[in-house]
Amino acid sequence: MGFARACSVALVGVEGVVVEVQADLEPGVAAFTLVGLPDKSLVESRDRVRAAVVNSGAEWPQKKLTVGLSPASVPKSGSGFDLAVACAVLGAAERIDPAAIADVVMIGELGLDGRVRPVRGVLPAVLAAAEAGYEQVVVPEQTAGEAALVPGVSVLGVRSLRQLIAVLCDEPVPDEPVDGQGRPDAMLAGLVIPGTGLGTGLAPAAARGDVHRPDLADVAGQPRPRQALEVAAAGGHHLLFTGPPGAGKTMLAERLSAVLPPLTRQESLEVTAVHSVAGILPPGEPLVSRAPYCAPHHSATMQSLVGGGNGMPRPGAVSLAHRGVLFLDEAPEFSGKALDALRQPLESGHVVVARAAGVVRLPARFLMVLAANPCPCGRHTLTGAGCECPPSVVRRYQARLSGPLLDRVDLRVEVEPVDRADLLGQGSRGESTAVVAARVRDARARAAERLAGTPWATNSEVPGHELRTRLLAAPGALAAAERDLERGILTARGLDRVLRVAWTVADLRGADRPDASDVAVALELRTGIQRGVPMGVGER
């Protein structure tokens, strides 16, 4: 009787569980049994592994073969277990030393000819292996750069099963030629799901810089929405743009991700792990360093927004926008159930999706931007534009954005139509993205220095209790906000959010703490009621 084991990783959402792949050979009729809660794609690995082993020059054992995936209670899916199954079988057949593979984590799909094909989710899988104490990982050659992002792990990238057998047996490593010169690499097809990167801002062309990057200087006029965009980027505050069609709401939202500071190392690993699992990580770009941008269509379902799907839940739009921007254009056209599902991640920064197959916790700390028209025809706020929507229709349309959802939105700005002077370039040209991004970085640096030693990094994350007890505003600064609270204009949550915005406004102008004018700016941005204060938050 022969026995050997290798290790692989099963992904549950964006978290990994190390799985021990055990192979047992017994005398009897030749058969191949795979146990341990595998899905359909994993059951099919029996035929892939057998063909790959034979075509790699090794002999397939003609005995009763049982392969077990432990722990058996964890659902396992995907083709990334092929490499570990093949090595465990060869170890049980004594083709390779079982001790050489006992503590090696192997991730990769096998082709029928023995080539090792890349799979999605390599980074979170290697992170899980490192946390479990494993120090050696074998991955496909195309994903070796992604696996090497994890410190303290020795990564071996292989092109074929023949090469891996030679390495494990201390034999000369055969040279595998690269075929398909001049054509797209078919081996990368398993990394990117077709069509998934189109609405995320991380399509391969955009990642390489081959396309024109939107700049804030392209936006004509709109000084107040531009300043609200700067406040949102500096403090991580959610934003609502309302206005007629063609005023520039989408243009402003598309330029927000470029204003955000570059991701830190830890944030980059978090974002890359999510995008690797979702299949939108561009080949050749193993680490995401810029804030992502995700703009789902208004026909998106609740599962596509917050995560879900058949079997184990997959990351939704809120997770794809983690540490970046989630833009919901034509927000009232989204279903009410989908919009209300955003309430929990807006507060907690993560999504907990419960399904019959298991419970998955997905990261979802994003900056939300909503864009809405004032009525179905969009001309309700325009003078003399001929809006024919009855008042009941306008109220019903605006009520599609529920009160609890809007209560979590810090900034609400009306975008006015652009006048002729600004549109034809006769007015003053707005600041570029680089200038605004520099002020945002300075403001975030002040907030990070103030919040050093706490679990919070931006003003939008600070709890209200801290704002009212430890991080105090100037004396008398909250008088106007307290009056609005007594009148019912603000809720208790709204007061806390006004305080957070006031701290951001103070950071943008370099003040130590917010005063009455900063609170007035925050109130105007939240309620839309004119307070008679200048909106040049970075210039006062």
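Residues numbered from 1 in each chain as written. Predicted model: local features only at pLDDT ≥ 70, side-chain atom pairs only at ≥ 80, totals over all residues. Heavy atoms only, no water.

Visitor: For this particular structure, what's the right way to read the pairing of strand β1 (residues 2-12)?
Guide: Residues in a regular strand project their side chains so that they alternate between the two faces of the sheet. The buried count for β1 comes to eight of 11 residues, which makes it a mostly enclosed element. In this sheet, strand β2 (residues 15-26) lies alongside β1 in antiparallel orientation, the contact comprising 11 bridges. By the bridge assignment, arginine 5 is partnered in β2 with glutamine 22. Remark: two residues form the turn of the hairpin made by β1 and β2, two consecutive strands paired antiparallel; glycine 13 in that turn has positive phi of roughly 75°. (Buried < 20%, exposed > 50% of the residue type's maximum accessible area, 1.4 Å probe, protein only. Helix = DSSP H or I, 4+ residues; strand = E, 2+ residues; numbered from the N terminus. Pairing = 2+ DSSP bridges.)

Visitor: Sorry if this is basic, but what is going on with the packing of aromatic side chains here?
Guide: When we look at a pair of aromatic rings, we describe it by the centre distance and by the angle of the planes. Tallied over the full model, the rule gives two aromatic pairs. Relative to tryptophan 60, the ring of phenylalanine 32 has its centre 5.7 Å away and its plane inclined at 40°; by these criteria the two rings are tilted. Of the two residues, phenylalanine 32 is situated in strand β3 (residues 31-35) and tryptophan 60 in the loop between α2 (45-55) and β4 (64-70); the sequence distance between them amounts to 28 residues. Plain terms: the ring middles of tyrosine 293 and phenylalanine 327 are 6.4 Å apart, the flat faces sit at 25° to each other, and that makes the pair stacked. With tyrosine 293 in strand β11 (residues 293-294) and phenylalanine 327 in strand β12 (residues 325-328), the pair connects residues that are 34 residues apart, well separated along the chain. Of the two residues examined, tyrosine 293 and phenylalanine 327, each falls in the buried class. (Phe/Tyr/Trp six-rings, centres within 6.5 Å; stacked < 30°, edge-to-face > 60°.)

Visitor: Would you explain helix α5 (residues 122-131) in this entry?
Guide: Structural remark: α-helix, 3.6 residues per turn; residues separated by three or four positions point the same way. Of all 10 residues in α5, seven are buried, a share of seventy percent or more. Among the residues of α5, Val122, Leu123, Pro124, Ala125, Val126, Ala128 and Ala129 are the ones counted as buried. For α5, the elements touching its buried residues are β1, β2, β5 (104-106), β8 (136-140), α6 (144-147) and α12 (265-278). Within two residues after α5, glycine 133 carries a phi angle of roughly 100°, on the positive side. (Contact = heavy atoms within 4.5 Å.)

Visitor: What exactly am I supposed to notice about the layout of surface pockets here?
Guide: Empty space left among the atoms is revealed by rolling a probe the size of a water molecule over them. By volume, the largest pocket is sized at about 750 Å³. Along the walls of the largest pocket sit 36 residues, with Arg323, Arg365, Thr458, Ser460 and Glu461 positioned nearest its centre. For the lining of the largest pocket, the elements supplying multiple residues, two or more each, are α16 (343-348), α20 (433-450) and α23 (492-508). The leading source of residues in the lining of the largest pocket is α23, at four residues. Taken together, the residues of the lining of the largest pocket break down into 17 nonpolar, eight polar and 11 charged. (1 Å grid on protein atoms, 1.4 Å probe; cavity = no way out; pocket = protein on both sides within 12 Å on 5 of 7 lines; lining within 4 Å. Points joined across faces, edges and corners; volume = space filled by probe spheres on them. Nonpolar A, V, L, I, M, F, W, Y, C, P; charged D, E, K, R; others polar.)

Visitor: What exactly am I supposed to notice about the environment of arginine 395 here?
Guide: Tracing the chain through its elements places arginine 395 in helix α17 (residues 391-398). With 21 residues separating them along the chain, arginine 395 and proline 374 place their C-alpha atoms 9.4 Å apart.

Visitor: Just checking my understanding: could you explain the sheet that holds strand β10 (residues 239-242) for this structure?
Guide: Pairing between the strands of a sheet is mediated by backbone hydrogen bonds and can be parallel or antiparallel. Judged by pairing direction, the sheet is parallel, and its five strands sit side by side in the order β11-β12-β15-β10-β16 without closing on themselves. Strand pairing shows two members of the sheet lacking a second neighbour, β11 and β16 (411-414), which therefore form its edges. As paired strands, β11 and β12 are joined by two bridges and run parallel to one another. Counterpart to cysteine 294 in the pairing with β12 is leucine 326. Each of β10, β15 (367-372) and β16 is contacted by helix α9 (residues 223-235), which is oriented at about 165° to β16, the strand it contacts most. (Axes fitted to C-alpha atoms, helices over the stretch in contact; angles between N-to-C directions.)

Visitor: I keep staring at the packing of α9 against α20 and nothing clicks. Help me out?
Guide: Relative placement of two packed helices is described by the angle separating their axes and the distance separating the axes. The N-to-C vectors of α9 and α20 enclose an angle of 40°; their axes lie 8 Å apart at closest approach. In this view, α9 runs oblique relative to α20, as classed from their interaxial angle. The element α9 and its partner α20 pack so that their crossing is right-handed. The segment α9 lies against α20, with Glu230, Ala233 and Ala234 engaging Val436, Arg439, Val440, Ala443 and Arg444. Taken together, the residues of the contact of α9 with α20 break down into five nonpolar, no polar and three charged. (Parallel < 35°, antiparallel > 145°, perpendicular 65-115°, else oblique. Left-handed = near helix turned anticlockwise from the far one by under 90°.)

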